[in-house]
Amino acid sequence: MKTAVFAGSFDPFTLGHKDIVRRASKLFNEVIVAVALETGKNMRSADSRIKIIELSTQEFPNVKIVPFDGLLTDFMKKIGCATLVRGVRNAVDYDYEHSLWDVYRSLYPEIEIVLLPSKADLNHISSTVVRQLCKLYAPINGYVDTKAEESVRIIYQE
């Protein structure tokens, strides 16, 4: 069984994230959405972020959401998975992910990374943009899954 991990803070989970999960779920038998509990950023609670991901990904039966703490590579070793899926929107994302790959390989030599380029109509979407739109009470439809939109608005307008 081929498993891949798609990891992040997902603060919040966007349509861009969902598209990566959708595409990865067609490539792998199982996709684990690994939610970082602590990244040093000021984030919403893990429970809130996981709830949004659950609402957004319920249509994918081979997707599992798992919180993790500490190093991603340690988590991946623990679950016996050496494939990491990452989404890239542009050259800046690519350069960043390529730099991270060097770090990941130094910690987990068996790791492989599958980079999925973002679809053009999703390139403008980021968690930062969604948080800013929420803060300003602007519409977020088209940025997050419709099933999660109300939860995102409630959680991020607090």
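For the structure itself, look to the data block above.
What comes next is a walk through the structure. (Residues numbered from 1 in each chain as written. Predicted model: local features only at pLDDT ≥ 70, side-chain atom pairs only at ≥ 80, totals over all residues. Heavy atoms only, no water.)

## Here's the deal with the sheet that holds strand β4 (residues 83-88)
Move 1: Within the open sheet, the five strands sit side by side as β3-β2-β1-β4-β5. Their pairing is parallel. The sheet terminates laterally at β3 (63-68) and β5 (112-117), the two strands that pair on one side only. Neighbour to neighbour, the strand axes of the sheet diverge by 30° on average, direction disregarded.
Move 2: Sheet topology note: the strand β2 (residues 30-36)/β3 ladder contains six bridges and is parallel. Its bridge partner being in β3, valine 35 is matched across the sheet by proline 67.
Move 3: Together, β4 and β5 form the strand contacts of helix α4 (residues 91-107), whose direction differs from that of β4 by roughly 160°. (Pairing = 2+ DSSP bridges. Helix = DSSP H or I, 4+ residues; strand = E, 2+ residues; numbered from the N terminus. Axes fitted to C-alpha atoms, helices over the stretch in contact; angles between N-to-C directions. Contact = heavy atoms within 4.5 Å.)

## Description of the packing of helix α5 (residues 127-135) against helix α6 (residues 149-156)
Move 1: One way to put it is that α5 packs onto α6 with a least axis distance of 9 Å and a crossing angle of 70°. Between α5 and α6, the crossing angle belongs to the class labelled roughly perpendicular. Counted together, Val130, Arg131, Cys134 and Lys135 of α5 and Val152, Arg153 and Tyr156 of α6 form the full contact between these two elements.
Move 2: Here the contact of α5 with α6 is built from residues that sort into four nonpolar, no polar and three charged. (Parallel < 35°, antiparallel > 145°, perpendicular 65-115°, else oblique. Nonpolar A, V, L, I, M, F, W, Y, C, P; charged D, E, K, R; others polar.)

## Some details on the packing of helix α2 (residues 46-57) against α6
Move 1: Relative orientation of the contacting elements α2 and α6 amounts to 165°, with a least axis distance of 9 Å. In this view, α2 runs roughly antiparallel relative to α6, as classed from their interaxial angle. In the packing of α2 onto α6, the handedness of the crossing is left-handed. Seen from α2, the contacting residues are Ser48, Arg49, Lys51, Ile52 and Leu55; seen from α6, they are Ser151, Val152, Ile155 and Tyr156.
Move 2: Of the residues assigned to the contact of α2 with α6, the class counts are five nonpolar, two polar and two charged. (Left-handed = near helix turned anticlockwise from the far one by under 90°.)

## Overview of the nonpolar core
Move 1: Core analysis: the biggest nonpolar cluster contains 28 residues, and Val85 and Val152 have the highest contact counts within it.
Move 2: Filtering out sequence-adjacent residues up to four positions away, valine 152 remains in contact with Pro12, Ile52, Val130, Cys134, Ile140, Val144 and Gln157.
Move 3: In terms of nonpolar packing, the next biggest core, distinct from the first, is built from 16 residues, Phe68, Leu72, Met76 and Leu84 among them. (Core = buried A, V, L, I, M, F, W, Y, C linked by side-chain atoms within 4.5 Å. Buried < 20%, exposed > 50% of the residue type's maximum accessible area, 1.4 Å probe, protein only.)

## What about the side chain of threonine 57?
Move 1: Among the secondary structure elements, threonine 57 is positioned in helix α2.
Move 2: For threonine 57, the side chain forms a polar contact with the main-chain oxygen of isoleucine 53, separated by 2.8 Å.
Move 3: Not counting chain neighbours up to four residues away, the residues in contact with threonine 57 comprise Phe13, Val21, Val63 and Ile65. (Polar contact = N/O pair within 3.5 Å; in protein donor to acceptor, adjacent residues only side chain to side chain.)

## Overview of a nonpolar patch on the surface
Move 1: Together, Leu71, Val103 and Leu107 line one region of the surface with nonpolar side chains, adding up to about 230 Å² of accessible area.
Move 2: Inspection of the secondary structure assignment puts leucine 107 in helix α4. (Patch = residues over 30% accessible without salt bridge, like charges linked within 9 Å, V, L, I, M, F, W, Y side chains within 5 Å. Areas by Shrake-Rupley, 256 points an atom, 1.4 Å probe, with all protein chains shown as cover. Salt bridge = Lys/Arg side-chain N within 4 Å of Asp/Glu carboxyl O.)

## Thoughts on α6
Move 1: Within the sequence span of α6, burial applies to Glu149, Ser151, Val152, Ile155 and Tyr156. Viewed along the axis of α6, the buried residues span an arc of 165°, placing them on a single side of the element. For α6, the exposed residues lying more than 90 degrees away from the buried face are Glu150 and Ile154.
Move 2: Lining the buried residues of α6 we find α2 and α5. (Arc of directions from axis to C-beta.)

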